[in-house]
Amino acid sequence: MVPNFSPGSFSTTAQPPQFQDPSLSFPARVLDPKMISACFPPVETPVPPRPLASQAPIPPPPPPPPPHSPDLAFPPSPSSLQAPIPPPPPLPPPSIATGAAPPHVFGLEKSHLLKETLEKAGPVPGSREDVKRLLKLHKDRFRSDLQWILFCADLPSFIQEGPQCGLVALWMASTLLAPRSGIPLERLMQMAVERGYSAQGEMFSVADMGRLAQEALGCQAELLCGGLGGPNRDRVLHHLVAGHPLLVPYDEDFNHEPCQKKGHKAHWAVSTGVLLGVQGVPSPGYAEDPELPGLFHPMPGTPCQPPALPDEGSAGTVYLLSKQGKSWHYQLWDYNQVRDSNLQLTGFSPSRAADGREYVVPAGGVRAGLCGQALLLTPQDSSH
């Protein structure tokens, strides 16, 4: 559910649905035993013609095989009685192994198509321009009785290839945690596979994601359990106001928004921004947006007092700005919508369980690995 912005206040456009390739299987054809007979009429030995005086005698052809040969399921063809079948060509030499082959990642074809489509749609928007576009799009759905403060750290976009949503979310977050290291996504993938966290890029454990983040990025990782509500809510909001990333698993709907599918559509997102609806904006330190009246931003380089957080029971007052690996754009989600989706991740997708592919799922399944959990990431030298 998205805010109720009226003209003085501030949803996401629906993204195209995803498609999955059906797996096909065909029954093997079984021959009726009545249609196969081991008895065939014997082939009569031809009588050689009488040789002429000027002609050398013609030797008779070789005798046919016995009619009840156990090695033949069908009678020999006439050509097989006249000339021997040449031997098959030799097999090609085995290829020389140059090293261990990388794991096969399913879904790459679909991901490449998605990436090509998005690239043809236009240039990747800058973070600030994309956020401004998003807020203008939703300005009529925000509550007009509140003032709004936006905290948002710039974040690059990255389109995933295969089931890499968690690793892509971590890579995007890494730009705020270790921007100088510039760790490539391929390295995160390699580390996840080598340490047994993943088979082909999937991450079904928030705890494993935290261990990977600490090792690969040298950052601090705090594992939240018990959901995004209650006492964890203020912890998450203060973390985002300070400009640090939140990694959160949720069920993804057709338009990438959070939904409730019992974990069958489990996906990862990274949140680096929050939009707060407050009764009054503390001063100094905040400036009103010239294009969106009622929206305020922290002034760069100016100390500002953090605002009082909205009450948890006050609907439509907190929104997360998030990105995930299937779109270039920011998404604006109601905080309670994300909280509820994260809290019902309990089952493994039946379609994945039946697709014959390998996935690394922790003991206790999706419920133990993802349900009600999130990851707060901060740079190693941060006091927050």
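Being a predicted model, the structure only gives us computed values, none of them experimental.

Moving on to the environment of glutamate 215. Relative to the helices and strands, glutamate 215 resides in helix α6 (residues 206-217). For glutamate 215 and methionine 191, which are 24 residues apart along the polypeptide, the C-alpha to C-alpha distance reads 9.2 Å.

The buried fraction of helix α8 (residues 335-342) is high, at seven of eight residues. Those residues of α8 that fall on the buried side of the exposure criterion are Tyr335, Asn336, Gln337, Val338, Arg339, Ser341 and Asn342. Tucked inside the fold, the buried residues of α8 contact α7 (231-241), β3 (246-252), β4 (258-259), β8 (318-323) and β9 (331-334). Its side-chain oxygen placed 2.8 Å from the backbone nitrogen of asparagine 336, aspartate 334 serves as the N-cap of α8.

It is worth spelling out the nonpolar core at this point. Core analysis: the largest hydrophobic core is formed by 51 residues, its most contacted members being Leu135, Leu170, Leu247, Trp268 and Leu377. Within the residue set of this core, elements represented by two or more residues are α3 (127-138), β1 (147-152), α4 (165-177), α5 (185-194), α6, β5 (266-278), β8 and β10 (374-378). A total of nine residues in this core trace back to one element, the largest contributor, which is α4. Grouped together as the second largest cluster of nonpolar side chains are 24 residues, Tyr250, Ala269, Tyr286 and Leu320 included.

In this section: the packing of α5 against α6. Where α5 contacts α6, the two axes come as close as 11 Å, and the packing angle between them is 125 degrees. Taken together, the axis directions place α5 and α6 in an arrangement best described as oblique. Pair α5 / α6 crosses with right-handed handedness. Contacts from Leu188, Met191 and Ala192 in α5 reach Leu212, Glu215 and Ala216 in α6. Partitioning the contact of α5 with α6 into residue classes produces five nonpolar, no polar and one charged.

Here the chain averages 77 in pLDDT, while 66% of its residues score no lower than 70. Taken as a whole, residues 6-47 scores under 50 in pLDDT and shows 67 contacts with residues more than four places along the chain or in a different chain.

Moving on, we come to the side chain of glutamine 164. Following the sequence through the fold, glutamine 164 ends up in the loop between β1 and α4. Exposure remark for glutamine 164: the relative accessible area of 9% places this residue in the buried category. Apart from the residues lying within four places of it in its own chain, the contact partners of glutamine 164 are Leu185, Met189, Gln200 and Gly201.

With that settled, the discussion passes to the environment of cysteine 371. Relative to the elements of secondary structure, cysteine 371 occurs in the loop between α10 (365-369) and β10. For cysteine 371 and serine 341, which are 30 residues apart along the polypeptide, the C-alpha to C-alpha distance reads 9.1 Å. Each residue touching cysteine 371, except ones within four places of it in the same chain, is listed here: Asn342, Leu343, Gln344, Leu345, Thr346 and Val366.

Rules behind the numbers
Residues numbered from 1 in each chain as written. Predicted model: local features only at pLDDT ≥ 70, side-chain atom pairs only at ≥ 80, totals over all residues. Heavy atoms only, no water. Helix = DSSP H or I, 4+ residues; strand = E, 2+ residues; numbered from the N terminus. Buried < 20%, exposed > 50% of the residue type's maximum accessible area, 1.4 Å probe, protein only. Contact = heavy atoms within 4.5 Å. Polar contact = N/O pair within 3.5 Å; in protein donor to acceptor, adjacent residues only side chain to side chain. Core = buried A, V, L, I, M, F, W, Y, C linked by side-chain atoms within 4.5 Å. Axes fitted to C-alpha atoms, helices over the stretch in contact; angles between N-to-C directions. Parallel < 35°, antiparallel > 145°, perpendicular 65-115°, else oblique. Left-handed = near helix turned anticlockwise from the far one by under 90°. Nonpolar A, V, L, I, M, F, W, Y, C, P; charged D, E, K, R; others polar. pLDDT = per-residue confidence, 0-100.

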